[in-house]
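If you want the building blocks of each chain, they are given just below.
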Amino acid sequence: RLRTVEHSEVVERAESVEAVNIREWRRNFDKSIKIPERLAVEIARATAEGETAWEKARAANDWKSYAPHLSRILELIKEKTEALGYPNEPYDALIDRYEPGETAASLEPTFEKMRSALVELLGKIKGSRVRPDISVLRRHFPAAAQENFSRTVAAALGYDFESGRIDTTAHPFTIGLGPGDVRITSRYHENLFNTALFGTIHEAGHAMYEQGLPAEHWGTPMGEAASLGIHESQSRLWENLVGRSRGFWRYVFPVARAQFDSLSDVGFEDFLLAINGVNPSLIRVEADEVTYNLHILLRFELELAMMRGDLSVDELPGAWTEKMQKYLGVTPADDASGVMQDVHWSAGLIGYFPTYTLGNIYAAQLYAEAQKELGDLEDAFARGEFGGLLSWLRKNVHQLGSTFRPRDLIKKISGNDIDSEPFIAYCRSKYGQLYDLE
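All values derive from a computational prediction rather than experimental measurement. (Residues numbered from 1 in each chain as written. Predicted model: local features only at pLDDT ≥ 70, side-chain atom pairs only at ≥ 80, totals over all residues. Heavy atoms only, no water.)

A. Geometry of the overall build of the protein. Tallying secondary structure elements over the protein gives 18 helices and 3 strands in all. Radius of gyration (C-alpha) of the protein: 22 Å, near the 22 Å computed for a compact globule of 438 residues. Projected onto its principal axes, the C-alpha coordinates of the protein cover approximately 65 × 60 × 40 Å. Buried positions account for 54% of the 438 residues belonging to the protein. For the protein, long-range pairs separated by at least 24 residues make up 71% of all intrachain contacts whose partners lie at least 6 apart in sequence. By element, 49% of the accessible surface of the protein is carried by carbon and sulfur atoms, the whole surface being about 19400 Å². (Helix = DSSP H or I, 4+ residues; strand = E, 2+ residues; numbered from the N terminus. Rg over C-alpha atoms; globule rule 2.2 N^0.38 Å. Buried < 20%, exposed > 50% of the residue type's maximum accessible area, 1.4 Å probe, protein only. Contact = heavy atoms within 4.5 Å. Areas by Shrake-Rupley, 256 points an atom, 1.4 Å probe, with all protein chains shown as cover.)

B. Highlighting unusual backbone geometry. Positive phi is not limited to glycine here, since N61 has a value of about 50°. Within the secondary structure, N61 is located in the loop between α3 (37-60) and α4 (63-84). Even without being glycine, D436 reaches a positive phi, approximately 55°. One can find D436 in the segment after α18 (421-434).

C. Region of interest: the side chain of S186. Among the structural elements, S186 can be located in strand β3 (residues 181-186). Here S186 is in contact with I166, D167, T168, T169, P172, A196 and T200, once residues within four sequence places are set aside.

D. Main features of the packing of helix α6 (residues 104-127) against α18. It is at 10 Å that the axes of α6 and α18 come closest, and there the two elements cross at 5°. One way to sum up the angle between α6 and α18 is to call them roughly parallel. For the pair α6 and α18, the contacting residues are K113, M114, A117, L118, E120, L121 and I125 in the first and E421, F423, I424, C427, R428 and Y431 in the second. (Axes fitted to C-alpha atoms, helices over the stretch in contact; angles between N-to-C directions. Parallel < 35°, antiparallel > 145°, perpendicular 65-115°, else oblique.)

E. Summary view of helix α11 (residues 268-275). Summarising burial for α11: 6 of the 8 residues are buried, a large majority. For α11, every residue scored as buried is listed here: F268, F271, L272, L273, A274 and I275. Where the residues of α11 are buried, they touch α8 (193-212), α10 (246-259) and α18.

F. Here's a closer look at the nonpolar core. Core analysis: the largest hydrophobic core is formed by 128 residues, its most contacted members being W238, V242, W249 and W345. Element by element, the count of residues in this core is highest for helix α12 (residues 292-307), at 11 residues. Not counting the four nearest positions on each side in its chain, W238 is found in contact with L157, I201, G205, M208, G243, F386, L389, L390 and L393. (Core = buried A, V, L, I, M, F, W, Y, C linked by side-chain atoms within 4.5 Å.)

G. Focus on the pairing of strand β2 (residues 174-178). Pairing analysis gives 4 bridges linking β2 to β3, with the strands arranged antiparallel. Paired with G176 across the bridge in β3 is V182. Hairpin geometry of β2 and β3 is characterised by an intervening segment of 2 residues between the two adjacent antiparallel strands and by a positive phi of about 85° at G180. (Pairing = 2+ DSSP bridges.)

H. Looking closely at the sheet that holds β2. A sheet is described by the order of its strands in space; here 3 strands give the open sequence β1-β3-β2, paired in mixed fashion. Strands with a single pairing partner mark the edges of an open sheet, and in this sheet they are β1 (166-168) and β2. Neighbour to neighbour, the strand axes of the sheet diverge by 30° on average, direction disregarded. In this structure, β1 lies alongside β3, joined through 3 bridges in parallel fashion. Within the sheet, the bridge partner assigned to D167 lies in β3 and is T185. Contacts from α8 reach β1, β2 and β3, with the element oriented near 165° to β3.

Functional significance is not addressed by these values, which are geometric in nature.
Here is the structure:
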């Protein structure tokens, strides 16, 4: 039965179901009507042509044929920001689409602090005498055994198979079809251990968030995730802070050795170091926990420079290479493995990349708060107890849906603003131990 809601009630109870739904519906409506039909059509055409051009140009390592398409997309995106409006600068209109309430000015100091700390940590790791033997992860791991092991791990973490399933795909993803049906996919390479397991854990993190959203509000903003960054925080928290932790593997490693004969001669410490190995590379999607955010911050800085008019599309390949050398110490051999490796810009998704790093920042802040309340989480993991952490996330994140904007949600939980320090501290502590850093 529908109930009439008075205006004063919505204003005074900003966190009520009615107020949240009206707030988000209004936000989406306002954004939709601000884009002229002509502009929407032009962007759709330019990005469709741009993605096709990108596919061909990347395969041929032909930046010159692709650059005009990117220039056109960038021109239209700038026009779009003027139609949408922004508080300080055009980039604000783009990041706000994916992470409501965020601006370039709010993110730059946090990201700069993170970049500086990670570059310094990476330098120390490179100088360490410790070298992981990643060959132990490239032995033979039968696909059927990997699938069984991945299912066992996902179930142990809390993914509800009564309300979902795991299927095989070319690229892992999560899809929520409705309350009680949230599915994930994975892929299996028989000579690579990491891909399937950590891909499954990552997607299970997304899926457990979806399974924990308030089902009674499905189909309305109140029943949706707070943002892309908050969603990413759930996948990265389970994949890295849990799935690559010492406590987790104290519990899981005996199961893995029983499943895979190829691990029978591998010691626990050698295995733990291998799955946490830091190896700067050219490719973002293959990056380790320390270097991944440097890939994202590089892209954020280039996007910002292009939107501010400080960097032209013609200058982009050189700027990309310079930052890769400065932050990661690696140099792309060509544009295909450098500036053209991602499809995002071709699809007009400028402003999307920051949500990846925000996910890591949120994850570390949430994990730190959960540990304050629940005690030593790794001790619990070593006993195979993951329900305490999942219940905490259900209560503090999942069940709230989109009640709070991301920054307000983090502040409500931690009492602090968005801050990269917990992630920096986590990396320094973890990798300081693994790589025997002073």
